[in-house]
Amino acid sequence: MPSWIAAGYDDYAKRLPPECALHLVEIEPLHRGKTTNAAQAREQEGRRILKAIPRGAGVAALDVQGQCWSTETLARQLDGWLAAGQDRALLVGGADGLSQDCLAQATQRWSLSALTFPHPLVRVIVAEQIYRAWSLLQGHPYHRGH
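Let me sum up the structure you'll find in this document. Note that the structure is a prediction, hence the values are computed from the model and not measured. (Residues numbered from 1 in each chain as written. Predicted model: local features only at pLDDT ≥ 70, side-chain atom pairs only at ≥ 80, totals over all residues. Heavy atoms only, no water.)

### What to know about the pattern of salt bridges
Inclusion rule: Counted as salt bridges are all cases of a side-chain nitrogen of Lys or Arg within 4 Å of a carboxyl oxygen of Asp or Glu. A run of H or I in DSSP counts as a helix once it spans at least four residues, and a run of E counts as a strand once it spans at least two, with each numbered from the N terminus. Note on exposure labels: buried denotes an accessible area under 20% of the residue type's maximum, exposed denotes more than 50%, and partly exposed covers the range between, all computed with a 1.4 Å probe on protein chains only.
Scanning the entire structure with this criterion turns up 4 salt bridges. One salt bridge in this structure joins Arg15 and Asp11, with 2.8 Å as the shortest N-O distance. Note that Arg15 and Asp11 are positioned in helix H1 (residues 3-15) at a spacing of 4 residues, about one turn of the helix. Look at Arg15 and you get partly exposed, because its relative accessible area is 33%. In this structure Asp11 comes out as partly exposed when scored by relative accessible area, which is 26%. One salt bridge connects Glu128 with Arg132, and the closest N-O pair in it is separated by 2.8 Å. Note that Glu128 and Arg132 are positioned in helix H5 (residues 119-138) at a spacing of 4 residues, about one turn of the helix. Here the two residues Glu128 and Arg132 agree in accessibility, since each one is buried.

Okay, here's the thing in C-alpha cells:
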C-alpha cells in the first residue's frame with residue numbers, strides 16, 4: 001500500500017473520537033492462478049470477508065449499485081449507527097467486487113459514486129466521509145456544504 005494511502009486514512013481515523021473509531025481490517029487479496037476465474041476469486045474472498053465481521057455488527061456493503069448518499073444522508077446514517085450501539089462493518093470488495101453472500105449479509109448498500117475508484121483510495125474516501133459526517137453531527141465547521 002502506498003504510504004500516502006496509509007497517511008490519508010490515518011489522518012482522518014485519528015480525528016474521530018473513541019465512540020466513532022474506525023478499525024481497518026484488511027483481507028489479503030486472493031492470488032488468482034490460471035485456473036481461478038473472477039467468480040471463484042470473489043466467492044473465496046467473500047468467505048474471508050464474512051469471517052472478519054465482528055459478531056453482532058451491522059453490515060453495510062460498498063456497492064456501485066447501492067444508494068448514493070449525500071453528506072447529510074451519511075450523517076443521518078452515522079447517527080443511527082452510533083445510536084444502535086453496535087459495531088458497523090463497511091464491506092469493500094476486492095478487484096472482482098463483493099460476493100453475493102457478502103451483499104446478502106448487508107442490510108445497506110452504499111455507493112460512493114458511479115465512478116470506479118482504486119480500492120486503496122476507497123479507504124481514504126470512506127474515512128474522510130465518516131469524519132465529515134461526524135463533524136456535521138457535532139456542528140464542527142469542517143463540513144461547509146452548500
